[in-house]
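# Fold and contact review
Listed below, chain by chain, are the residues.
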Amino acid sequence: MYSVTKHAGFVPSLGYFKKQVFSRDTSGYLRVTAGDFAYATIHLDEGSIGIAPEDALISPMYTVFRADPALVDSNYLIRFLKSPQALKAYERLGQGAVHRRKSISLASLGTLPLPLPPLDEQRRIAAILDQADENLGKQREAIGLLDGLVDSTFQSVIMSSDGPVVTIGDLALSSQYGTAQRAGAAGAFPILRMGNITDAGRIDVRDLKYIDLETNAVDRYTVRRGDLLFNRTNSLEKVGKAAVARSAEQFAFAGYLVRVRFPDAATAEYVSAYLRTPAGLALRRGSAKAAVNQANINAKEFLRFSIPAPTSYGMQQLERVLQHVELERSKHLAALADLETLFASLQARAFRGEL
């Protein structure tokens, strides 16, 4: 059983999502053979399309087709169908009134003009784009390894600790639920929502909304450097994920998040890192209250979490690694931004016949 994602194309459903996201009754599912294309009929505008690596079943929410190998190279075609040029064109091909839910039929997709040089030229273009994409992947992998370095260092600190056990509440100064105010495209404050907290314990600001706050609510509903945010409501796998604000930018935070303030940023980083350890994950899942398709950990329960007391040696180790990682990460992010710009340029030139 496979799914089709915007980032990785075809992926084994169970292995990728770590849980069953498909129906138990697969009698209505589509059968694909290796080399078939499939796309999410209502999410093609996000780039959810891929090539089947083997014979498999996929949900009927996808549309399946096969390209004629005498006319088009599959690697060239998938590069084009995921290019910014094609993604922009999908906006006018979709049918339906709901934004991000517009359906694109195969007949409609078939009207999309496709630059079609000779096959050898298609393969050459695809190879250039593949190489550029591989370089992007290496940069992203390096950034992921740096994040892993923090966690592995922290694990060794925890394993060597024989200090007392305390509760998070013993270490915290205060906690505060986020605002329930509706966010939108404009406002004085960017607002962090649960999707802005990553599983790796970072704040991702690539998708932000905005709100205005009354003057007397600014302190209550904004974070400052060193504050920890934890996600109180999410799926069982993600509930309790947390991250520390490391920038001076003033963000508001939404109702599914709780701000916990500590005497210093190092303690917040310690708690955040602990929540990503196997023991921390077990604590989160064991304390979560299940609801319909969601799980919840309230602030009082979170503050009662028992964790090993931080030691001065452990805090110094963690801080030293964090400083090193942040420095290296900023270098890799700058390199990644350059590569993304280059990749976008290559794509544009490739499908204008200028590569």
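For the structure, check the block above.
Anyway, here's the lowdown on the structure attached to this text. (Residues numbered from 1 in each chain as written. Predicted model: local features only at pLDDT ≥ 70, side-chain atom pairs only at ≥ 80, totals over all residues. Heavy atoms only, no water.)

## Notes on the sheet that holds strand β17 (residues 257–261)
With respect to topology, 4 strands assemble into an open sheet ordered β9-β17-β13-β15, the strand pairing being antiparallel. Both outer strands of the open sheet, β9 (174–177) and β15 (242–244), are each paired with one neighbouring strand and no more. With direction set aside, neighbouring strand axes in the sheet form an average angle of 20 degrees. Examined bridge by bridge, β9 and β17 share 4 bridges and lie antiparallel to one another. Looking at β17, one finds that Ser175 is bridged to Val260. Helix α8 (residues 265–274) rests against β13 (228–231) and β15 of the sheet, and its axis sits at about 155 degrees to β15. (Pairing = 2+ DSSP bridges. Helix = DSSP H or I, 4+ residues; strand = E, 2+ residues; numbered from the N terminus. Axes fitted to C-alpha atoms, helices over the stretch in contact; angles between N-to-C directions. Contact = heavy atoms within 4.5 Å.)

## Side note on the environment of Ser330
By secondary structure assignment, the location of Ser330 is in helix α11 (residues 312–350). Here Ser330 falls in the partly exposed class, since its relative accessible area comes to 40%. Note: C-alpha distance between Ser330 and Ile104 (226 residues apart in sequence) is 39 Å. (Buried < 20%, exposed > 50% of the residue type's maximum accessible area, 1.4 Å probe, protein only.)

## Quick word on the nonpolar core
Across soluble globular proteins, you tend to see nonpolar side chains buried next to one another. Leu228, Phe230, Val260, Phe262, Val271, Phe302 and Ile307 are the most contacted members of the largest nonpolar core, which has 34 residues in total. Secondary structure elements with two or more residues in this core: α5 (119–159), α6 (168–171), β13, β15, β17, α8, α10 (299–303) and α11. In contact with Val271, not counting residues within four places along its chain, are Ile168, Leu171, Leu228, Phe262 and Ile307. In this structure, Phe80, Leu93, Leu109 and Leu129 belong to the second largest nonpolar core, which totals 31 residues. (Core = buried A, V, L, I, M, F, W, Y, C linked by side-chain atoms within 4.5 Å.)

## Some words on α11
An α-helical turn contains 3.6 residues, so a residue and the one three or four places further along point in the same direction. Here α11 is 39 residues long and its end C-alpha atoms lie 55 Å apart, about the 57 Å a rise of 1.5 Å per residue gives. When α11 is considered as a whole, its buried residues turn out to be Gly314, Met315, Leu318, Val321, Leu322, Val325, Arg329, Leu336, Phe343, Leu346, Gln347 and Ala350. (Expected span 1.5 Å × (residues − 1).)

## A look at the sheet that holds strand β19 (residues 294–296)
The strand order across the open sheet formed by 3 strands is β14-β19-β18, and the pairing between neighbours is antiparallel. The sheet is open, and its two edges are formed by β14 (233–234) and β18 (289–291), each paired on a single side. Relative to β19, β18 runs antiparallel, the two being bridged by 3 bridges. Paired with Ala291 across the strands is Gln294, a residue of β19.

These figures capture arrangement, not role.
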